[in-house]
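What follows is the residue order along each chain.
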Amino acid sequence: MRKCVAALPVLILAIIYTVGCGGVEHRAENKIAEGLKNRIGPAKSYKVDISSSPLKLLKGKMDALNIVGQDVQLKSGIQIAKLNVSIKDLRFDPDTQQIKSASSCTYSAKINEAELNKYLTKTYNDIPNLQVALNDGYATVTGKPTITGLGVNIKADAGLSVRNGSKVVLELRSISAAGVPAPGFAREYIESKVNPVFDATSLGFDATIDDIAVRHNNVTITGMLDVAKVGAGG
């Protein structure tokens, strides 16, 4: 049993005490969706689904809370095409508005290739012609750094792996410079200049990463949220 979601009182629980039984779930869902814009970031839409009876809510119990965000713009600058958050067996004190526990709090974040490139070229704007192509199971990175005054085309195939439980980094498999096997400078250049590709801390809520699935034109990152530290002040 993992403690989770202490920040949610400002999004959910303040309304449960006042709305009464009529339409509790619907009003709570609307309030949560509105609050997510400030907590995570603006989005094309947030859909919130609470699985619990009004009586359970007033007693401080929620069977499940599911959130789906479309085109979520994180404060770090990266856009999530689809964000899913699933919280199970949420327990809270309706009087103090404090979260007691939740059995699980997981997320998945799908990032499209075009949005990933927008983010990377803005974040690593000192790398000329930087592009990342997402393929089934791996990524291809290209760029044209200047070496001894000359621009050199670099191309690398890389897997995506998790570092320190929260960062997605490139794990180079092969690399070439100007079409020939690249010396050490090219490998060091890519690994030092383009990492991390994604940092889960930009989601907030002490997000960690469990798995990465790379597909043609998109990557999906899954992990867990633990927002206990956020509850004290956001």
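Here is a short report on the structure shown in this document.

### Some thoughts on the overall build of the chain
Thought 1: Helices and strands together make up the secondary structure of the chain, namely 5 helices and 15 strands.
Thought 2: Within the chain, contacts between residues separated by at least 24 positions form 52% of all contacts whose residues are at least 6 apart in sequence.
Thought 3: Of the accessible surface of the chain, which amounts to about 11400 Å², a share of 49% is contributed by carbon and sulfur atoms.

### Some details on helix α5 (residues 184–193)
Thought 1: Among the residues of α5, Ala186, Tyr189 and Ile190 are the ones counted as buried. Down the axis of α5, the smallest arc covering the buried residues is 90 degrees, so these residues share one side. The exposed residues of α5 that point more than 90 degrees off its buried face are Gly184 and Glu188.
Thought 2: The secondary structure elements touched by the buried residues of α5 are β7 (138–143), β10 (154–163) and β11 (167–177).

### Examining the environment of Ser51
Thought 1: Mapped onto the elements, Ser51 comes out in strand β1 (residues 43–51).
Thought 2: Note: C-alpha distance between Ser51 and Lys88 (37 residues apart in sequence) is 9.4 Å.
Thought 3: Excluding anything up to four places from it in sequence, Ser51 contacts Met62, Asp63 and Ala64.

### Focus on the pattern of salt bridges
Thought 1: Considering all chains together, one arrives at 4 salt bridges under this definition.
Thought 2: Close ionic contact of Lys193 with Asp126 constitutes a salt bridge, the shortest N to O distance being 3.2 Å. Note that Lys193 is positioned in helix α5 and Asp126 in the loop between α4 (113–123) and β6 (131–135), a separation of 67 residues in sequence.
Thought 3: A residue is classified by how much of its surface remains accessible, and Lys193, at 32% relative accessible area, is partly exposed.
Thought 4: For Asp126, a relative accessible area of 45% puts it in the partly exposed group.

### Section: the pairing of strand β5 (residues 104–112)
Thought 1: In this sheet, β5 lies alongside strand β3 (residues 79–93) in antiparallel orientation, the contact comprising 7 bridges. Residue Ile87 lies in a different strand from β5, and its bridge partner there is Cys105.
Thought 2: As paired strands, β5 and strand β15 (residues 218–224) are joined by 7 bridges and run antiparallel to one another. Residue pairing in the sheet places Ser108 in a bridge with Thr222 of β15.

### Some thoughts on the environment of Thr106
Thought 1: Here Thr106 is to be found in strand β5.
Thought 2: With 101 residues separating them in the primary sequence, Thr106 and Ala207 have C-alpha atoms 9.0 Å apart.
Thought 3: Contacts of Thr106, omitting those with residues within four sequence positions, involve Asn84, Val85, Ser86, Gly223 and Met224.

### Side note on empty space enclosed by the protein
Thought 1: For the structure on display, the rule yields 3 cavities of 30 Å³ or more.
Thought 2: Quantified by volume, the second largest cavity comes out at close to 40 Å³.
Thought 3: Split into classes, the residues belonging to the lining of the second largest cavity amount to 7 nonpolar, 1 polar and no charged.

### Let's talk about α4
The α-helix advances 3.6 residues per turn, and as a result positions three or four apart in sequence lie on the same side.
Thought 1: Of the positions making up α4, those classed as buried are Glu115, Leu116, Asn117, Tyr119 and Leu120.
Thought 2: Buried-residue contacts for α4 involve β3, β5 and β6.

### A word on the nonpolar core
Thought 1: Ranked by internal contacts, the top residues of the largest apolar core, which has 61 residues, are Ile80, Leu83, Tyr107, Ile190 and Phe198.
Thought 2: Setting aside anything within four residues of it in sequence, one finds Phe198 in contact with Leu74, Ile78, Ile80, Ile111, Ser166, Lys167, Val168, Ile209 and Ile221.

Procedures and definitions
Residues numbered from 1 in each chain as written. Predicted model: local features only at pLDDT ≥ 70, side-chain atom pairs only at ≥ 80, totals over all residues. Heavy atoms only, no water. Helix = DSSP H or I, 4+ residues; strand = E, 2+ residues; numbered from the N terminus. Contact = heavy atoms within 4.5 Å. Areas by Shrake-Rupley, 256 points an atom, 1.4 Å probe, with all protein chains shown as cover. Buried < 20%, exposed > 50% of the residue type's maximum accessible area, 1.4 Å probe, protein only. Arc of directions from axis to C-beta. Salt bridge = Lys/Arg side-chain N within 4 Å of Asp/Glu carboxyl O. Pairing = 2+ DSSP bridges. 1 Å grid on protein atoms, 1.4 Å probe; cavity = no way out; pocket = protein on both sides within 12 Å on 5 of 7 lines; lining within 4 Å. Points joined across faces, edges and corners; volume = space filled by probe spheres on them. Nonpolar A, V, L, I, M, F, W, Y, C, P; charged D, E, K, R; others polar. Core = buried A, V, L, I, M, F, W, Y, C linked by side-chain atoms within 4.5 Å.

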